[in-house]
Amino acid sequence: MLFGYLDAGSGSLILQAILGGAAGILVAFKAWKARLAGKKALTDAESDVDDPAVPADS
Amino acid sequence: MHLSDPGSFRDPASHIVLDGERIIRLLDERGLRAWEALSQTSFFKTATNDGRLIDADPLDSAPAGASGALEHPRVPFISYPYEWTFSMLKDAALLQLDLLMEALAEGLTIKDATPYNIQFVSGRPVFIDIGSFESYSPGEPWIGYRQFTRQFLFPLLLRARLGIPFQPWLRGDPEGPTAADMRRLLGFWEHLKPSILLHVALQARMEQRMSGTAVRDELKTAGFSAELILSNARKLRRLVEGLQWSGSGDGWIEYESCRHVGRDREAKSEFLRRAISAHSPHRVMDLGANDGHFSTLAAESGAVAIAVDGDEPVLDALYRNGTPVSIVVSDLTNPSPSQGWAELERPGLTERAQPDLVIAYGLIHHLIYTASIPPPVVLDWLAGFRCPAVVEFVAPGDEMVAKLTANKTEAELHPGRSQGEFESELARRFETLDTRTLGDGTRVLYRVQPLTG
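Every chain is numbered independently, its residues counted from 1 as its sequence is written. The order in which chains are written sets their letters, starting at A; the order in which ligands are written sets their numbers, starting at 1. The predicted origin of the model limits local features to residues at a pLDDT of at least 70 and limits the giving and counting of side-chain atom pairs to 80 or more, whereas totals for whole chains, interfaces and linings rest on all residues.

## Overview of the overall build of chain A
The line we're drawing: Where helices and strands are cited, they refer to DSSP runs of H or I of at least four residues and of E of at least two residues respectively, numbered from the N terminus. Every C-beta atom is placed from the backbone, and the number of other C-beta atoms within 10 Å of a residue's own sets its class: buried at 20 or more, exposed at 12 or fewer, partly exposed in between.
Along the backbone of chain A there are 2 helices and 0 strands. The burial tally for chain A puts 31% of its 58 residues in the buried class.

Okay, here's the thing in structure tokens:
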């Protein structure tokens, strides 16, 4: 599905899973964890780039 | 020659154009696929048959640039949520949720959730945006959830839980209150209720924490399903259904008990019937309609009757009684203006109404004495409708005028309030076609037609 012209709101999208009941809470938890993992991977990648590499000529 | 509807441009897949009196929906490839999926469902047939969903007839050939085209019947009068009563917005919310659940049961979804997709025809809510339906892709959440809360649930909560009218808020901000706004407004005890805790407090918190992050793929991978949307929609339906607002203690709900109302009602009805018989109007605008008695008479003659009043409780009672009249909650000294994108998206009240007969019973003395509008200015406004009108004049000696002026001195009132002065001003703008004096002589009815040229 193409996302429409509407800003659905990230927090509201995750909340919907919780509002779906017990099964949804698990889905929300998994999605939350996946998001955190994604964020961590992104942060790690960014710090690899930002870390001053050992100068090639040293 | 197609003219774009200035209120229909947000959805790239589907938008309305006007071809004279015809209402045409143009579809792109994606919109056409969505229509084909919708038209094959059984709920589409059921909902169009029972009047909850607007009819749509596919055209044999689409205009250049479009992949498909549908024709819809014309909605007699367009109104906006900031002109609806509490029960109207509540019924619209229930319709939105019902159609979402019926669509999901057949593999479709509704991609937004705004009351602007709903109109009232013969006193019942009708979903008019066929383009909002599309195939449900497994794993996708309900995109319209946040919009549903802001434009339906939160305005209803404002009225039901806080006693605050939602119309001024929606008129000022058609997107509606945010969860954060509601969290600030609702008190501590309200937050102990699970529904408020989840839809308001938790949503506000999560929106703040997660703004701008992508979560769709994560939800899909985590196993999000249509069942979760259905479960949420069922619970939302129970929540909305349970919201009540009696309207008691507000407004002029005891209008009928006013002495002059019962005394003059039959004479005013007869005067209006004569006007309807003389002019055969198609669209009648009842200004200061109150309980809608005269609008209902106009509707019974076959006209589209538009009842405008600032008194929400009496209009809500009228709606709940199943009236065919179109209801507009609006203060006539500050009617709904043209607004939205380029000030064209949502036209002002008068532009939408286009009456060919105006009823102004029991109105102009309130404009003159309460709103302090000079009598000639009131008559200029009535002449501006450019159609015949039935007008009730109330003389300074009337008991209602005495009430309205109880705390005003002569110096605080505009001149020109006597019957002679009123008739003189009337003659400068209108030809008087009929007249009748009521009761004890302090109230006079006039049927007038604007002078031409």
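## Regarding helix 1 (residues 10–19) of chain A
Most of helix 1 of chain A sits inside the fold, with 10 of its 10 residues counted as buried. Three or more residues of helix 1 of chain A are buried, namely A:Ser10, A:Gly11, A:Ser12, A:Leu13, A:Ile14, A:Leu15, A:Gln16, A:Ala17, A:Ile18 and A:Leu19.

## Concerning the sheet that holds strand 16 (residues 443–450) of chain B
Sheet strands line up and pair through hydrogen bonds in the backbone, either parallel or antiparallel. Residue and element names in this part refer to chain B. Basically, it comes down to this: By the convention used here, strands pair only if DSSP detects at least 2 bridges between them. For helices, the fitted axis covers only the stretch in contact; all axes are lines through C-alpha atoms, and the angles between them, taken along N-to-C directions, range from 0 to 180 degrees. Contact definition: two residues whose C-beta atoms, as placed from backbone geometry, lie within 7 Å.
Pairing in this open sheet of 7 strands is mixed, and the strands run 12-11-10-13-14-16-15 from one edge to the other. Looking at the sheet topology across the chains shown, the edges are occupied by strand 12 (326–329) and strand 15 (430–438). Going from strand to strand, the sheet's axes swing by 20° on average, the running direction of each strand aside. The sheet contact formed by strand 13 (residues 357–360) and strand 14 (residues 389–394) spans 3 bridges and is parallel. Looking at the pairing, Ala 360 lines up with Val 391 of strand 14. Along the sheet, helix 17 (residues 419–429) makes contact with strand 14, strand 15 and strand 16, crossing strand 16 at roughly 15°.

## Here's the deal with the pairing of strand 3 (residues 22–27) of chain B
Residue and element names in this part refer to chain B. Sheet topology places strand 2 (residues 14–19) next to strand 3; 6 bridges connect them, and they run antiparallel. The residue bridging His 15 from the neighbouring strand is Leu 26, located in strand 3. As consecutive antiparallel partners, strand 2 and strand 3 are separated by 2 residues, and within that stretch Gly 20 has a phi angle of approximately 65°, a positive value. Sheet topology note: the strand 3/strand 5 (residues 68–72) ladder contains 5 bridges and is antiparallel. If you follow Ile 23 over to strand 5, its bridge partner there is His 72.

## Remarks on the sheet that holds strand 4 (residues 57–58) of chain B
Residues and elements named next belong to chain B. The strand order across the open sheet formed by 5 strands is 1-2-3-5-4, and the pairing between neighbours is antiparallel. Bordering the open sheet on either side are strand 1 (3–4) and strand 4, each of which pairs with just one other strand. Seen against the sheet, helix 1 (residues 29–39) touches strand 2, strand 3 and strand 5 and runs at an angle of roughly 55° to strand 5.

## Describing the domain arrangement of chain B
All names here are of chain B. To keep it simple, the criterion reads: The start and end points of each domain follow an automatic or database-based domain assignment. Put simply, Ala, Val, Leu, Ile, Met, Phe, Trp, Tyr, Cys and Pro go in the nonpolar bin, Asp, Glu, Lys and Arg in the charged bin, and everything else, Gly too, in the polar bin.
Domain boundaries in chain B define domain 1 (100–241) and domain 2 (255–450). Placing a centre on the C-alpha atoms of domain 1 and another on those of domain 2 gives a separation of 38 Å. If you look at the interface, domain 1 gives 6 residues, while domain 2 gives 9 residues. Its residues placed into classes, the side of domain 1 that touches domain 2 shows 2 nonpolar, 3 polar and 1 charged.

## So, the environment of B:Arg159
Residues and elements named next belong to chain B. Residue position: Arg 159 is located in helix 4 (residues 145–162). Sequence-wise, Arg 159 and Lys 111 are 48 residues apart; in three dimensions their C-alpha atoms are separated by 27 Å. Those residues within four positions of Arg 159 in sequence are excluded, and the remaining contacts are Phe 86, Ile 164, Pro 165, Phe 166 and Trp 245.

## Section: the nonpolar core
Residues and elements named next belong to chain B. Applied cut-off: For the purposes of this analysis, a nonpolar core is taken to be any set of buried Ala, Val, Leu, Ile, Met, Phe, Trp, Tyr and Cys residues that are connected through C-beta atoms within 7 Å.
Counting 129 residues, the largest nonpolar core has Ile 306, Ala 307, Ala 360 and Val 390 as the members making the most contacts within it. Tallying contributions element by element places helix 3 (residues 86–105) first for this core, with 10 residues. No fewer than three residues from each of domain 1 (100–241) and domain 2 (255–450) sit in this core. Sequence-distant contacts of Val 390, that is, excluding residues within four places in its chain, are made with Phe 271, Leu 272, Ala 275, Ile 359, Ala 360, Tyr 361, Leu 445 and Arg 447.

## With respect to the interface of chain B and chain A
Across the boundary between the two partners, chain B contributes 39 residues, which contact 26 residues of chain A. Mapped by element, the contributors of at least two residues to the side of chain B that touches chain A are helix 4, helix 7 (194–210), helix 8 (216–221) and helix 9 (226–241) of chain B. When residues of the side of chain B that touches chain A are assigned to their parent elements, the largest contribution, 7 residues, is made by helix 7 of chain B. Partitioned by chemical class, the residues of the side of chain B that touches chain A number 15 nonpolar, 11 polar and 13 charged.

## Things to note about the pairing of strand 16 of chain B
Residues and elements named next belong to chain B. Summarising the sheet, strand 14 and strand 16 pair through 6 bridges and their orientation is antiparallel. Along strand 16, the bridge assignment pairs Glu 392 with Leu 445. When strand 15 meets strand 16, the two strands line up antiparallel, connected through 8 bridges. What sits directly across from Arg 436, in strand 16, is Leu 445. What sits between the antiparallel neighbours strand 15 and strand 16 is a turn of 4 residues, in which Gly 439 has the positive phi angle 40°.

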